[in-house]
Amino acid sequence: MLNFLLRRIFTMILTALCLTFIVFYLTNLPPNLEKVAKSEAGSRISDEEVASWLDKNGYAQPVLVRYGEWLGVMPGWTNTADSGEVSGRCIAKGEDPATASRFCGVLQGYWGFSTVFKEDVAGIIGTRLGLTGILMFWVMVLMVPSALIIGVLAGMREGTKLDRSLSTFSIATTATPEYVSGVILIVVFSSSLVGLKWFKGTATSAMDSITFENFFLPVLTIALYGIGYIARMTRASMTEVMTAQYIRTARLKGVSFKNVVMKHALRNALIAPFTVIMLQFPWLLNGVVIVETLFNYKGFGWTLVSAAGNNDIQLLLGCSVVAVVVVLVTQLISDVGYVFLNPRIRIS
Amino acid sequence: MQEHGWGTIIATFFTQFWPVWLALIITYALSITYKRRLGLYGKLFDSTIGMIGFGIVMFWVFTALFADMIVTHDTLSQISQLKNKLPGTIAPDGSSWYILGGDHLGRDVFSRMVLGSRVVIQIAPLATVFAFMVGITLGLPAGYYGGKLDTFLSFLANLILAFPVILLFYLLVTPEMVKTGLPQYMAVVLFLFPLIFLTVLLNSRYYVRPNLRNILIAGVVLIGGWAYLALVSEPGTRVALLPKAMDFIALPGNILIVFVSVVFVNAPTVYRIIRGIVLDIKTRDYVAAAQTRGEGPWYIMLWEILPNARGPLIVDFCLRIGYTTILLGTLGFFGLGLSPESPDWGSTINAGRKLMSIAPHPAIVPALALMSLVLGLNLLADGLREESLRD
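Residues numbered from 1 in each chain as written. Chains lettered and ligands numbered in written order. Predicted model: local features only at pLDDT ≥ 70, side-chain atom pairs only at ≥ 80, totals over all residues. Heavy atoms only, no water.

### Remarks on the overall build of chain B
Moving on, step 1. When its secondary structure is counted, chain B shows 18 helices and zero strands.
Moving on, step 2. Over its C-alpha atoms, taken along the principal directions, chain B stretches across nearly 80 × 55 × 40 Å.
Moving on, step 3. Across the 391 residues of chain B, 54% fall into the buried class.
Moving on, step 4. Summing over all exposed atoms, chain B offers an accessible surface of approximately 17,000 Å²; the carbon and sulfur share of this is 67%.
Moving on, step 5. Side-chain charges in chain B split into 27 positive and 22 negative, and the spacing between the mean points of these groups amounts to 6 Å. (Helix = DSSP H or I, 4+ residues; strand = E, 2+ residues; numbered from the N terminus. Buried < 20%, exposed > 50% of the residue type's maximum accessible area, 1.4 Å probe, protein only. Areas by Shrake-Rupley, 256 points an atom, 1.4 Å probe, with all protein chains shown as cover. Lys, Arg positive; Asp, Glu negative; His and termini not counted. Charge placed at Lys NZ, Arg CZ, Asp CG, Glu CD.)

### Some thoughts on the environment of Val-109 of chain B
Residue and element names in this part refer to chain B.
Moving on, step 1. Structurally, Val-109 is set in helix H6 (residues 109-145).
Moving on, step 2. Residue Val-109 is classed as buried on the basis of its relative accessible area, which comes to 4%.
Moving on, step 3. Considered as a pair, Val-109 and Gly-337 are 228 residues apart in the sequence and their alpha carbons are 21 Å apart.

### So, the packing of helix H11 (residues 271-295) of chain A against helix H12 (residues 300-309) of chain A
Think of two packed helices as two axes; the pair is described by the angle between the axes and how far apart they sit.
Residue and element names in this part refer to chain A.
Moving on, step 1. It is the contact of H11 with H12, at a shortest axis distance of 7 Å, that shows an interaxial angle of 80°. With respect to their mutual orientation, H11 and H12 come out roughly perpendicular. Touching Leu-285, Val-288, Val-289, Glu-292 and Thr-293 of H11 are Phe-300, Gly-301, Trp-302 and Val-305, all from H12.
Moving on, step 2. Tallied by class, the residues present in the contact of H11 with H12 amount to six nonpolar, two polar and one charged. (Axes fitted to C-alpha atoms, helices over the stretch in contact; angles between N-to-C directions. Parallel < 35°, antiparallel > 145°, perpendicular 65-115°, else oblique. Contact = heavy atoms within 4.5 Å. Nonpolar A, V, L, I, M, F, W, Y, C, P; charged D, E, K, R; others polar.)

### Re the confidence of the model for chain B
Moving on, step 1. The predicted model of chain B has a mean per-residue pLDDT of 86, with 96% of residues at 70 or higher.
Moving on, step 2. With a pTM of 0.88, the predicted complex shows an ipTM of 0.85. (pLDDT = per-residue confidence, 0-100.)

### What about the interface of chain B and chain A?
Moving on, step 1. Across the boundary between the two partners, chain B contributes 42 residues, which contact 48 residues of chain A.
Moving on, step 2. Taken together, both faces of the contact between chain B and chain A bury some 3,900 Å²; the carbon and sulfur share is 80%.
Moving on, step 3. Contact with chain A buries area across many residues of chain B, yet Leu-167, Glu-176 and Met-356 of chain B alone supply 13% of it, more than any other trio.
Moving on, step 4. Linking chain B with chain A are two salt bridges.
Moving on, step 5. Between Arg-232 of chain A and Asp-382 of chain B there is a salt bridge; the shortest N-O distance is 3.1 Å.
Moving on, step 6. Put simply, chain B and chain A have three residue pairs in polar contact (both at pLDDT 80 or more) between them.
Moving on, step 7. When residues of the side of chain B that touches chain A are traced back to their parent elements, those giving at least two are helix H7 (147-161), helix H8 (165-172), helix H9 (175-180), helix H16 (310-333) and helix H18 (361-390) of chain B.
Moving on, step 8. Of all the elements, H18 of chain B adds the most residues to the side of chain B that touches chain A, at 13 residues.
Moving on, step 9. Grouping the constituent residues of the side of chain B that touches chain A by class yields 30 nonpolar, six polar and six charged. (Buried area = accessible area lost by both parts, 1.4 Å probe. Salt bridge = Lys/Arg side-chain N within 4 Å of Asp/Glu carboxyl O. Polar contact = N/O pair within 3.5 Å; in protein donor to acceptor, adjacent residues only side chain to side chain.)

### Comments concerning a nonpolar patch on the surface
Residues and elements named next belong to chain B.
Moving on, step 1. On the surface, a nonpolar cluster with roughly 1,300 Å² of combined accessible area is contributed by Trp-6, Ile-10, Phe-14, Trp-18, Trp-21, Leu-22, Ile-25, Ile-26, Leu-30, Tyr-34, Leu-38 and Met-69.
Moving on, step 2. Elements supplying a minimum of two residues to the nonpolar patch: helix H1 (6-16) and helix H2 (18-33).
Moving on, step 3. It is H2 that contributes the most residues to the nonpolar patch, six residues altogether.
Moving on, step 4. Relative to the helices and strands, Trp-18 resides in helix H2. (Patch = residues over 30% accessible without salt bridge, like charges linked within 9 Å, V, L, I, M, F, W, Y side chains within 5 Å.)

### As for the side chain of Ser-167 of chain A
Moving on, step 1. Checked against the element boundaries, Ser-167 of chain A lands in helix H6 (residues 161-174).
Moving on, step 2. At 3.4 Å, the side chain of Ser-167 of chain A and the side chain of Arg-235 of chain A are in polar contact.

### Some remarks on the packing of aromatic side chains
Moving on, step 1. Within the structure shown, the criterion is met by 35 aromatic pairs over all chains.
Moving on, step 2. Note on Phe-24 of chain A and Tyr-67 of chain A: the rings are 5.6 Å apart at their centroids and 65° apart in plane angle, and the pair reads as edge-to-face. Separated by 43 residues along the polypeptide, Phe-24 of chain A in helix H1 (residues 2-27) and Tyr-67 of chain A in helix H4 (residues 63-71) bring together distant segments of the chain.
Moving on, step 3. Judged by relative accessible area, which is 8%, Tyr-67 of chain A ranks as buried.
Moving on, step 4. Between Phe-45 of chain B and Phe-54 of chain B, the ring centres sit 5.6 Å apart and the planes meet at 75°, which makes this aromatic pair edge-to-face.
Moving on, step 5. Among the aromatic residues, those joined into a ring-pair cluster are Phe-13, Phe-14, Phe-17, Trp-21, Phe-59, Trp-60, Phe-110 and Trp-345 of chain B.
Moving on, step 6. Taking the ring centre of Phe-117 of chain A as reference, the NZ or CZ of Arg-128 of chain A above it sits at 5.6 Å.
Moving on, step 7. Across from the ring centre of Phe-257 of chain A, 4.0 Å away, lies the NZ or CZ of Arg-157 of chain A, which sits over that ring. (Phe/Tyr/Trp six-rings, centres within 6.5 Å; stacked < 30°, edge-to-face > 60°. Lys NZ or Arg CZ within 6 Å of the ring centre and 35° of its normal.)

### Structural notes on helix H4 (residues 48-65) of chain B
Residues and elements named next belong to chain B.
Moving on, step 1. Under the 1.5 Å per step criterion, the end-to-end length of H4 is 25 Å for 18 residues, consistent within 8% with the ideal 26 Å.
Moving on, step 2. The set of residues buried in H4 consists of Gly-50, Gly-53, Phe-54, Gly-55, Val-57, Met-58, Phe-59, Trp-60, Phe-62, Thr-63 and Ala-64.
Moving on, step 3. Buried residues along H4 sit against H2, helix H3 (39-43), helix H5 (67-70), H6, helix H17 (345-352) and H18. (Expected span 1.5 Å × (residues − 1).)

### Observations regarding the nonpolar core
Moving on, step 1. Core analysis: the biggest nonpolar cluster contains 183 residues, and Phe-191 and Phe-334 of chain B have the highest contact counts within it.
Moving on, step 2. With 14 residues, the top contributor of residues to this core is H18 of chain B.
Moving on, step 3. Two domains each put at least three residues into this core: domain 1 (2-108) and domain 2 (121-347) of chain A.
Moving on, step 4. Discounting chain neighbours no more than four positions away, the residues touching Phe-191 of chain B are Phe-130, Tyr-228, Leu-231, Val-232, Leu-256, Phe-259 and Val-260 of chain B. (Core = buried A, V, L, I, M, F, W, Y, C linked by side-chain atoms within 4.5 Å. Domains from an automatic or database assignment.)

### So, the domain arrangement of chain A
How big an interface is tends to be expressed through the accessible area that disappears when the partners come together.
Residue and element names in this part refer to chain A.
Moving on, step 1. Domain parsing of chain A yields domain 1 (2-108) and domain 2 (121-347).
Moving on, step 2. A C-alpha centroid distance of 37 Å is found between domain 1 and domain 2.
Moving on, step 3. Listed per partner, the contact involves 19 residues of domain 1 and 15 residues of domain 2.
Moving on, step 4. For the pair domain 1 and domain 2, the two sides together bury roughly 1,600 Å², of which 77% comes from carbon and sulfur.
Moving on, step 5. It is Phe-4, Arg-8 and Met-12 that lose the most area in domain 1 upon contact with domain 2, and together they represent 33% of the buried surface on that side.
Moving on, step 6. Run the count over domain 1 and domain 2 and you get zero salt bridges.

### Some details on unusual backbone geometry
All names here are of chain A.
Moving on, step 1. Of note, the phi angle at Lys-118 is positive, near 55°, even though the residue is not glycine.
Moving on, step 2. Summarising the element assignment, Lys-118 is placed in the loop between strand E2 (86-88) and helix H5 (121-156).
Moving on, step 3. Lys-118 sits in the exposed class, given a relative accessible area of 55%.
Moving on, step 4. Notably, Asn-311 is not glycine yet its phi reads approximately 60°, a positive angle.
Moving on, step 5. Inspection of the secondary structure assignment puts Asn-311 in the loop between H12 and helix H13 (313-341).
Moving on, step 6. Asn-311 sits in the buried class, given a relative accessible area of 15%.

### Observations concerning the pattern of salt bridges
Moving on, step 1. Under the criterion given, the structure shown has 15 salt bridges over all chains.
Moving on, step 2. When the shortest N-O distance is used, the salt bridge between Arg-235 of chain A and Asp-163 of chain A registers 2.7 Å. Taken as a pair, Arg-235 of chain A in helix H8 (residues 212-242) and Asp-163 of chain A in helix H6 lie far apart in primary sequence, 72 residues in all.
Moving on, step 3. Here Asp-163 of chain A falls in the buried class, since its relative accessible area comes to 3%.
Moving on, step 4. Between Asp-46 of chain B and Arg-36 of chain B there is a salt bridge whose closest N-O contact spans 3.6 Å. Residue Asp-46 of chain B is located in the loop between H3 and H4, and its partner Arg-36 of chain B is located in the loop between H2 and H3; the two are separated by 10 residues in the primary sequence.
Moving on, step 5. Since its relative accessible area comes to 35%, Asp-46 of chain B is described here as partly exposed.
Moving on, step 6. Relative accessible area serves as the criterion here: at 61%, Arg-36 of chain B is assigned to the exposed category.
Moving on, step 7. Residues joined in a network through salt bridges with shared partners are Glu-158, Asp-163 and Arg-235 of chain A.

Here it is as structure tokens:
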């Protein structure tokens, strides 16, 4: 078990390094840097001025070196201007170059400075992630129980009318991406055309105080897409369990159907959905980006979109680190959890 | 302002689709008559769910095909008096009216929805085919040989899968990225796989008949190679391999990127599915029999294992087209890749969502269209799964 964990964690770190390097490389391609130089030093500067600005600000070094700086394993760049003033990656404005630390990167806790929000990236990501965490929490509260109930109800008696209608419902929700269900829900529940106006079409006010009225639609939109998928997996696993020998034995010895489902089938049927729910996290991340853009809820997804749209390199890098870590950690948890829940699996 | 009632709107809406209804009736009549001779396709007509799904999918395929006959207005022409007007509103001069209302620029929502189907039907199935070619060509040897090759390829696949899709799109589908030529280099690599696949497929089957094989492979390499070069090269960009006169496929740069990134996102999942199936099938007796017969590894992979894996692959193919449709919509929703004037559903939803509280119809029409197509594909996949499990 320990060996397995260590190997998984090693692969995870390797993957994270590769992915962050890819993002670093792609965001630091010459046209992107040129755009940065032009937005920082003025949009009408000539090509030579762009080159000298990039050189002065440490962008002219090889990509690998700069990746090392960003990561915190290479000493930050320094530049001595003609006036004798020393500037550098790790030297804050007004700080004495002699006392500044040599290394400053993600490992040292320095995530860079956002050019759009004019704030430290770590701070931005912290607050935004908190907002998204609240959203995700309510999504989970709504999604997991309803998906499991639908799946178990559909799977316990295969082929019945209840099964048919619940399965069709699950297929319909998996066929509806968030940007479609979100639009439909907004029109039905908050536009003046239909006139219901039960909920609000934006979640901007939910950032200060969450109410049922302003938060239900975004939560429902993300949850709906996941419900169908998890419910289908639960149904498949439930139907498989219900045909197993021990269920028949339990039925034959006279246990009531309700007890068979609750006591014998349920626990075994929930192993597979657990993995699916964990692997659903990366998907939720996708949904979060769409829904936060649609409902104008300024969480992590919204930040990612605005960072990418405004070529805010440091912030985008920070966002992608978080996104990648979330994906990898959930993969690890799902693997480990699967082993714990299913004693039949032996790892060589 | 005068208005047509809902009765007129619905009636016009349905009559406007007459070529589609006609084509659907012919398809269904022919298929049901000859269903016993049509293999898996014929069996589809035994399941209600499969038939409904197939009907919805074919509806959109025919709509894309006959779009020019169905549309009532040009997709870009604007009538300013019909800006954000509800379905059925007649222009003040009484000359024309929009079946499903006008959008924020006064364009016809109905015609844009109809022509939007063309973008999806053109890109989604083809991109899925390409993703399958990449996934099959890499997944077969990974599963069959195992070892270092498998470890390496699986690591790569997991790497791409760990990327949040939207982040990947934002990194790949930007004007700056187009300037660096990176999407084109990716196209150079990814589009090579169908060629490799076809060549290996024919070679492993016909290597005992060298004459026939030489002709077939020469044909594939010449025609396929030309198409490949024409597809990836674009005069005036970094990858200009062909002179302009021979470049018969002029794919606009942004469509190419959308295509490449969709293939890139889908290929690793296909790879994983294929690898899993191969790991299962390679322990079967008929594979062992082929090995004892002395067949080459590629013959066994392509002509023994692959045909026996077709059931789950066909089902996944349908689901994956639906997923690709969703991805295309996502790209449009974030305004990536396709031009803002393009009538594709994602872009139209994006344009319409900003005014949803006063005029919801420009967003809701393409949203329902996209949902119905994906639903149709899902139902079709479900029907196919049921029917292929039955035998």
